[in-house]
Amino acid sequence: MAKKEEFELQNGYSPDWTAIAPLITEDNQALLTKKFDGIQAITVHPRVCATNGLTVYTSVLTKRYKPIPNAYIRGQLEVLPPGFQGELTVGDGLNYQSTTSGVMKRDGEPDFIYTVFNFFGDGSEAYCNKSYVSRMIDAAKLLNEADHKGKFQIAQITVCESFEEVQFAAEE
């Protein structure tokens, strides 16, 4: 197995794949998820947020801690508890312009998908020290309980045993 330092992928490693932090398991495996061409969104405890003339009480924010502008998407994601981190895509998820158009317009009901690639639970150190796989199993259970009309999914995880496998996964 390659050293952990070899998995420290700079600036996302490639435009199509990203490592989650990167995650190295106790068995010295790297866990990767496919990089979507979307907008990252997190769920937090509800708060008042404002940006570009939009002030809302919400629990769904971008990675820059600004509210998701589209009221429909925000409303759908607000059924989730705090701790989810994922990517919003619109349509087939291959066109960033479609995604930004759908997510950034305040009105409308875009055909979106929220792909979860991490879950932090209550945010406590004890919870965050759980294995990634255990946290994602918890996330899957919560998503199954949520009334999401097929709009939420868990990111597919690729397990890599060596740096060469990481490179191969990035090229696919």
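**Student:** What am I meant to see in helix α2 (residues 96-104) here?
**Tutor:** Along an α-helix, residues three or four positions apart point the same way, because every turn accommodates 3.6 residues. Among the residues making up α2, those that are buried are Thr99, Gly102 and Val103. Buried positions in α2, seen along its axis, are confined to an arc of 90 degrees and lie on one side of it. Elements that come into contact with the buried residues of α2 comprise β3 (39-51), α1 (71-77) and β5 (84-90). You can read the cap of α2 off the contacts: a side-chain oxygen lies 2.9 Å from the backbone nitrogen of Gln97, and it is on Asn95.

**Student:** Which parts of the structure should I look at to understand helix α4 (residues 132-145)?
**Tutor:** The first and last C-alpha atoms of α4 sit 20 Å apart over 14 residues, in line with the 20 Å expected at 1.5 Å per residue. Considered for burial, the residues of α4 that qualify are Tyr132, Arg135, Met136, Ala139 and Leu143. Down the axis of α4, the buried set is contained in an arc of 95 degrees. They therefore lie on one face. In α4, the exposed residues that point more than 90 degrees away from the buried face are Lys141, Asn144 and Glu145.

**Student:** When you look at unusual backbone geometry in this model, what are you seeing that I'm missing?
**Tutor:** Most peptide bonds adopt trans geometry, and most residues besides glycine take a negative phi value. For Tyr65, which is not glycine, the phi torsion reads 60 degrees and is therefore positive. Note that Tyr65 resides in the loop between β4 (54-62) and α1. For Tyr65, a relative accessible area of 55% corresponds to the exposed category.

**Student:** Whenever I open this one, the confidence of the model for the protein confuses me. Can you help?
**Tutor:** Parts of the model with low pLDDT should not have their predicted coordinates read in detail. Summing up the model confidence of the protein, the mean pLDDT is 78 and the portion of residues at 70 or higher is 82%. A low-confidence stretch, residues 1-21 (pLDDT under 50), is modelled with 47 contacts involving residues beyond four sequence positions or located in other chains.

The rules behind these values
Along every chain, residues carry numbers that run from 1 in the direction the sequence is written. At least 70 in pLDDT is required for a residue's local features to be given in this predicted model, at least 80 for side-chain atom pairs to be given and counted, and no such filter applies to totals for whole chains, interfaces and linings, which use all residues. The side-chain values count all of the structure's non-hydrogen atoms but skip hydrogen atoms and water molecules. Think of it in three bands: residues with accessible area under 20% of the maximum for their type are buried, residues over 50% are exposed, and the middle band is partly exposed, with areas taken using a 1.4 Å probe on protein chains only. Here a helix means four or more residues in a row that DSSP labels H or I, a strand means two or more in a row labelled E, and each is numbered from the N terminus. Along the arc lie the directions from the helix axis toward the C-beta atoms. Every residue pair with non-hydrogen atoms within 4.5 Å of one another is taken to be in contact. Each polar contact in these results corresponds to two N or O atoms within 3.5 Å; when the atoms are within protein, one needs to be able to donate a hydrogen and the other to accept it, and residues that are neighboring in sequence are counted only if both atoms are side-chain atoms. To estimate the expected span of a helix, subtract one from its residue number and multiply by 1.5 Å. As a per-residue measure, pLDDT reflects the predictor's confidence and takes values from 0 up to 100.

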